[in-house]
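# Examination of the molecular architecture
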Amino acid sequence: MAKAAVHDEIYRELDHGCKIVQLTLYKHQVSGHHVFLMYDENKLLKHLNEDEQYIYEGFPEYLKKFIPKFYGIVKVVCHKAEDGEILCFALPKDCSYLKDNDRFQNWLTGMQLIKNQSFTNVFTTIEDDKEDLKIKERVMKQLQRSIEDKKSEKFMLLEDVSRKFKFPCAIDLKMGTRGFGDREGTEKQKRKQRKADSTTALSLGVRMSGMQVYQPCSEEYFTVNKLEGRKFKDEDFVKALKRFVYNGSHHRVELLGPYIERLEKLLYNIEKADCFRFYCSSLLLMYDGDTSMKSPHVEVRMIDFAHCVLKHDELNTHKGPDKGYIKGLQNTIDIFKNIRNSFEKTSPR
């Protein structure tokens, strides 16, 4: 086929009607096994777990204000360019390009050659420091299979809770006293419960799974990872919550009231969630590290639902509310209240 004819064929493929979005790495993830990818300024992508999709779609209405919005499923295609850069794209799950990898490669070639469009490395949002290089290595391992097999992977399209914040500060709290789900085998249940019982999940009903806090003076983030959080004793967990509202120069005491109010509203709703179980889920707390914000806005969102149980599940035998989750939530509230009280006692009259 003549070169001009090939270009004509490719050109016809460029505007086939489906929305194709180039992705970058989400850089404010503080915990979790799979990486998040940025879809646009308001949404991000999380690797699909069908059990978790089921939970998102069946969550009770009175709790939906406490979870990220769920926008559906897309497929992600990864491509390794000749210069070694990794390009990732999201396509509608029924896009015709997904049935024929050559058609997608033709689209990519056509956009670069015919429409003169350049694409961005998926890692463009991270730096080349030691910690980010570790993240890059982990992401590469997750994307490698998709690149080698030239196959798409399913992802959930979710609300980006951090989108309102200039410098997102976040803490991931793994909630509840139980460390396994109903659908896991007996040996795995025992192994995961032993791991949970070695943490503050046993005593407090909650453990710290990751944290980042922006430090304006150094313009860097203070971080704690999940491995460190697993080693915490009760007193360490209390210190971590206090450290969460410390920006390197002073404690953000003004955040404590909004957090307590929001957490108490969630507690009220969890207590009336009869037969629901939120096993192995997390509670994500976020605020803006930008101290120029006059009225502090806080986020409290339930996340990570792969092992949760809905009331109407056919095999659900649970009764009453999730006492393990309630224990963790109540202790978190009490710790925040004690922190607030300690500052009120020491503040000048």
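Residues numbered from 1 in each chain as written. Predicted model: local features only at pLDDT ≥ 70, side-chain atom pairs only at ≥ 80, totals over all residues. Heavy atoms only, no water.

The following threshold applies: UniProt positions are given in the numbering used here, feature names are shortened, and annotations may be inferred rather than shown by experiment.
As annotated in an unreviewed UniProt entry, the protein carries the name Kinase and is attributed to Clytia hemisphaerica. Taken from UniProt, the Sequence similarities (unreviewed entry) comment for the protein reads in full: "Belongs to the inositol phosphokinase (IPK) family."

### Comments concerning the overall build of the protein
Cut-off, in case you're wondering: Here a strand is any run of E in DSSP of at least two residues, a helix any run of H or I of at least four, and the numbering for each starts at the N terminus. Only C-alpha atoms enter the radius of gyration, while the globule expectation follows 2.2 Å times N to the 0.38, with N the number of residues. Throughout, exposure labels follow a simple rule: accessible area from a 1.4 Å probe, protein chains only, divided by the maximum for the residue type, with under 20% read as buried, over 50% as exposed, and the rest as partly exposed. In what follows, a contact means two residues having at least one pair of non-hydrogen atoms within 4.5 Å. All accessible-area figures derive from a Shrake-Rupley calculation using a 1.4 Å probe, and residue coverage is judged against the displayed protein chains alone. Counted charges follow a simple rule, with Lys and Arg positive, Asp and Glu negative, and His plus the chain ends left uncounted. Throughout, a charge is located at the NZ atom of Lys, the CZ atom of Arg, the CG atom of Asp or the CD atom of Glu.
Looking only at helices and strands, the protein features ten helices and eleven strands. What you see for the protein is a C-alpha radius of gyration of 23 Å, in line with the 20 Å of a compact globule of 349 residues. Per-residue burial over the protein gives 48% buried out of 349 residues. Considering only intrachain contacts with a sequence separation of at least 6, the fraction spanning at least 24 residues in the protein is 75%. Accessible surface computed for the protein: about 18,200 Å², of which carbon and sulfur atoms make up 49%. Across the protein, the centroid of the 59 positively charged side chains sits 4 Å from that of the 53 negatively charged ones.

### Description of a positive patch on the surface
Note the cut-off: Distance thresholds for patches are 9 Å for like charges and 5 Å for nonpolar side chains (Val, Leu, Ile, Met, Phe, Trp, Tyr), applied to residues having over 30% relative accessible area and no salt bridge. Basic side-chain nitrogens of Lys or Arg form a salt bridge, by our definition, when they fall within 4 Å of a carboxyl oxygen of Asp or Glu.
Taken together, the side chains of Lys190, Arg191, Arg194 and Lys195 present a region of like positive charge at the surface. Structurally, Lys195 can be placed in helix H5 (residues 186-197).

### Points about the domain arrangement of the protein
Selection criterion: The domain limits used here are those given by an automatic or database domain assignment. Accessible area that two parts lose when put together, with a 1.4 Å probe and added across both, is what the buried area reports.
According to the domain assignment, the protein contains domain 1 (2-159) and domain 2 (168-345). Inter-centroid distance (C-alpha atoms) of domain 1 to domain 2 is 29 Å. At the boundary of domain 1 with domain 2, total buried surface from both sides reaches about 2,300 Å², with 61% on carbon and sulfur atoms. Contact with domain 2 buries surface across domain 1, with Val30, Tyr62 and Phe66 losing the most and accounting together for 30% of the total. If you look at where domain 1 meets domain 2, you find three salt bridges. Notably, a salt bridge pairs Arg301 with Glu159, separated by 3.0 Å at the nearest N-O pair.

### Description of the layout of surface pockets
Going by this rule: Cavity: a set of points on a 1 Å grid over the protein atoms alone where a 1.4 Å probe fits but cannot get out. Pocket: an open set with protein on both sides within 12 Å along at least five of seven lines, its lining residues, like those of a cavity, having an atom within 4 Å of a point. Grid points are joined across faces, edges and corners, and a volume is the space filled by probe spheres set on the points. Each residue gets one of three labels, nonpolar for Ala, Val, Leu, Ile, Met, Phe, Trp, Tyr, Cys and Pro, charged for Asp, Glu, Lys and Arg, and polar for the others, Gly among them.
Reported here for the second largest pocket is a volume of approximately 1,100 Å³. What lines the second largest pocket is a set of 48 residues, and nearest its centre among them are Gly32, His33, Lys174, Cys280 and Asp304. Residue contributions to the lining of the second largest pocket peak at four residues, all from strand E7 (residues 168-175). Among the residues forming the lining of the second largest pocket, the class breakdown is 20 nonpolar, 15 polar and 13 charged. Counting the residues that make up the lining of the second largest pocket, at least three belong to each of domain 1 (2-159) and domain 2 (168-345).

### Overview of the side chain of Thr24
As for its placement among the helices and strands, Thr24 is situated in strand E1 (residues 21-25). Relative accessible area serves as the criterion here: at 19%, Thr24 is assigned to the buried category.

### Re the sheet that holds strand E4 (residues 70-80)
Going by this rule: In this description, strands pair whenever DSSP reports at least two bridges between them. To get an axis, fit a line to the C-alpha atoms, keeping to the stretch in contact for a helix; angles then go from 0 to 180 degrees between the N-to-C directions.
Judged by pairing direction, the barrel is antiparallel, and its six strands sit side by side in the order E1-E2-E3-E6-E4-E5 before closing back on the first. Going from strand to strand, the sheet's axes swing by 45° on average, the running direction of each strand aside. The pairing of strand E3 (residues 43-47) with strand E6 (residues 153-159) spans five bridges and is antiparallel. Each bridged residue has a counterpart across the sheet, and for His47 the counterpart in E6 is Phe155.

### Some words on empty space enclosed by the protein
In this approach a probe as big as a water molecule rolls over the atoms, and the regions it shows empty are the leftover space. Under the criterion given, the structure shown has one cavity of 30 Å³ or more. When its volume is computed, the largest cavity comes out at roughly 50 Å³. Looking at the largest cavity, the residues that line it are Phe165, Arg252, Leu255, Tyr287, Asp288, Asp290, Met293, Pro296 and His297. Its residues placed into classes, the lining of the largest cavity shows five nonpolar, one polar and three charged.

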